[in-house]
Amino acid sequence: MYFDFIMSNVFPENLPQATIASYRTRLVYDQNDTKAIKGHLETYKIEGEYMGSCNVLGLVCFSVVLGITLGKMGEKGRPLQTFFHSMSEAMMIITGWVIWLSPFGVFFLVTAKIMEIDSFADLVATRKLPCRYIAKMGQVMATAFGTASSSATMPITIGCCDDMGLDPRITRFVIPIGATINMDGTALYEAVAAIFIAQLRKVEMSFGKIVAVSVTATAASIGAAGIPQAGLVTMVMVLDTVNLPAEDVSIILAVDWLLDRFRTTINVVCDALGAIIVTALSQGDIEKSRAMHNDLEAAPAHELTEMEKGEH
Ligand code: ASP
C-alpha cells in the first residue's frame with residue numbers, strides 16, 4: 001500500500017492537479033458488505049482518493065525530468081529556460097512585496113488572536129511558580145553552561161521535561177523548535193552588547209534606535225544556530241542597525257566564550273519553560289486525547305491498532 005501511495009505521487013496523473021492535491025489510499029469499511037467485520041483489516045476495501053495538499057514529490061520529480069530534458073535540448077530549449085528564469089524573477093519580486101507587507105499582516109493576525117482570548121490570566125500564567133520548575137533543571141543548566149550549545153543540550157532538556165511529567169508529544173515538538181529559534185538569552189545579549197558597543201563608540205542612541213536594536217536582536221537570535229558563539233555571527237545584523245561596522249564584534253570577542261555559556265543556559269531554560277506553558281495551555285486537548293486513547297485501549301488491541309492504521 002505504501003508502494004502504491006509513493007508511486008502514485010511520484011508520477012502524478014495530472015500535473016495541474018498535483019499542485020493542489022496529493023493521492024492517498026485508505027481502508028474503507030463497507031457497511032453494506034455482509035462479510036465485512038469491523039476492525040478486521042482483511043475485510044476492508046482499499047480506496048484511492050485525492051486530498052487537499054500539494055503533491056511535492058510529484059512536482060519535484062517532474063521538475064527534475066523537465067530540467068534534464070531542457071538541458072538535453074540545448075538551443076531549442078532556451079525559450080522555456082528563459083520563461084522559467086523570468087518567472088522565477090517575477091516570483092522573487094512578488095515575494096519581496098509580501099515580505100514588505102508581512103509586518104502589517106502579522107500585526108492584524110496577532111490583534112485578531114488577542115481579541116479572541118477570553119481571559120488574559122489563563123494565557124499568561126500556568127498559575128505555577130517558574131522557580132519550581134527551574135530548580136529541577138540543574139542538569140540542563142549545567143550541560144548548557146558546559147557545552148554552550150542549545151542543540152547539544154537538547155536530549156537532556158527533553159529528558160528533563162519527560163521527568164517533570166510533560167506530555168512527550170509536546171516536548172518532542174516544542175524543544176527542537178525552541179533549540180532552533182527560541183533564543184531569549186541570545187536576543188537579550190545581542191541587544192545589550194550592541195548598545196554597549198554603540199556607547200563605547202559614542203554613537204547617540206535615541207529611543208527609536210534602541211527599539212530598532214531590540215527588534216533586530218530578536219530577529220537575529222531566531223537566525224542564530226544552537227551552537228557555540230553563533231550569536232556573534234548574527235550580531236553583525238544588529239550592529240548594522242546603528243550603522244556600526246561588523247569589525248566592532250571583535251570588541252566583545254574576548255569575553256564572548258564566557259557570556260555565551262550564560263545566554264545558552266537562559267536559552268535552554270526558556271525552551272523548557274515554553275514546553276511547560278504549551279502543556280498548560282493544551283491541558284484540555286491532552287485530556288481529550290488520553291480519554292480517546294483509553295477508549296481505544298479498552299477495545300480488542302489487535303483490531304484497533306489495525307483500524308488506527310486505516311489511513312495511509
Ligand atoms: N550558543 C547559543 C546557543 O546554542 C547561541 C548563541 O551563540 O547565542 O543557544
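Residues numbered from 1 in each chain as written. Predicted model: local features only at pLDDT ≥ 70, side-chain atom pairs only at ≥ 80, totals over all residues. Heavy atoms only, no water.

Asks: Report on the confidence of the model for the protein chain, specifying residues and quantitative values.
Replies: Here the protein chain averages 84 in pLDDT, and 87% of its residues register 70 or above. For the protein chain, helix α15 (residues 301-308) is the element with the lowest average pLDDT, namely 48, and helix α10 (residues 184-200) is the one with the highest, namely 93. Across residues 301-305, where pLDDT falls below 50, the model places five contacts with residues more than four positions away in sequence or in other chains. (pLDDT = per-residue confidence, 0-100. Helix = DSSP H or I, 4+ residues; strand = E, 2+ residues; numbered from the N terminus. Contact = heavy atoms within 4.5 Å.)

Asks: An account of the site of the ligand is requested, with residue identities and associated values reported.
Replies: Among the 16 residues in the neighbourhood of the ligand, the closest are listed as Ser150, Thr186, Gly231, Asp260 and Arg263. Here a nitrogen atom of the ligand and a backbone polar atom of Ala148 are 3.0 Å apart. Interatomic distance of 2.9 Å between a side-chain N/O atom of Asn267 and an oxygen atom of the ligand. Surface burial for the ligand is 100%, taken as the share of its 270 Å² of free accessible area covered by protein chains. When atom positions are compared with the pocket grids, the ligand is found to occupy the largest cavity. Residues of the shell around the ligand, tallied by class, amount to six nonpolar, eight polar and two charged. (Near = heavy atom within 4 Å. Polar contact = N/O pair within 3.5 Å; in protein donor to acceptor, adjacent residues only side chain to side chain. Areas by Shrake-Rupley, 256 points an atom, 1.4 Å probe, with all protein chains shown as cover. 1 Å grid on protein atoms, 1.4 Å probe; cavity = no way out; pocket = protein on both sides within 12 Å on 5 of 7 lines; lining within 4 Å. Sits in = over half its atoms within 2 Å of the grid points. Nonpolar A, V, L, I, M, F, W, Y, C, P; charged D, E, K, R; others polar.)

Asks: Quick rundown of helix α8 (residues 150-163)? Include the residues and the values.
Replies: With 14 residues, α8 should reach 20 Å at 1.5 Å per residue; the first-to-last C-alpha distance of 19 Å fits that figure. Within the span of α8, buried status applies to Ser150, Thr153, Thr157, Ile158, Cys160 and Cys161. Tucked inside the fold, the buried residues of α8 contact α7 (138-147), α9 (168-181) and α13 (250-281). At the N-terminal boundary of α8, the capping side chain belongs to Ser149, with an oxygen 3.4 Å from the backbone nitrogen of Ser151. One or two residues past the end of α8 sits Gly165, with phi positive at roughly 85°. (Expected span 1.5 Å × (residues − 1). Buried < 20%, exposed > 50% of the residue type's maximum accessible area, 1.4 Å probe, protein only.)

Asks: With reference to specific residues and values, describe unusual backbone geometry.
Replies: Located in the positive-phi region is Lys202, a residue other than glycine, with phi close to 60°. Residue position: Lys202 is located in the loop between α10 and α11 (207-223). Among the residues examined, Lys202 registers a relative accessible area of 75% and is labelled exposed. A positive phi is found at Asn243, a non-glycine position, where the angle reads about 55°. Looking at Asn243, the relative accessible area reads 67%, which means it is exposed.

Asks: Would you mind going over the packing of α10 against helix α12 (residues 230-241) in detail, with residue names and values included?
Replies: In contact at an axis separation of 10 Å, α10 and α12 are set at 55° when each is read in the N-to-C sense. Regarding the angle of α10 to α12, the classification is oblique. Where α10 crosses over α12, the handedness of that crossing is right-handed. Between α10, through Thr186, Tyr189, Glu190, Ala193, Ala194 and Ile197, and α12, the contact on the second element is made entirely by Gly231, Leu232, Thr234, Met235, Val238 and Leu239. Each residue belonging to the contact of α10 with α12 can be placed in one class, and the counts come to eight nonpolar, three polar and one charged. (Axes fitted to C-alpha atoms, helices over the stretch in contact; angles between N-to-C directions. Parallel < 35°, antiparallel > 145°, perpendicular 65-115°, else oblique. Left-handed = near helix turned anticlockwise from the far one by under 90°.)

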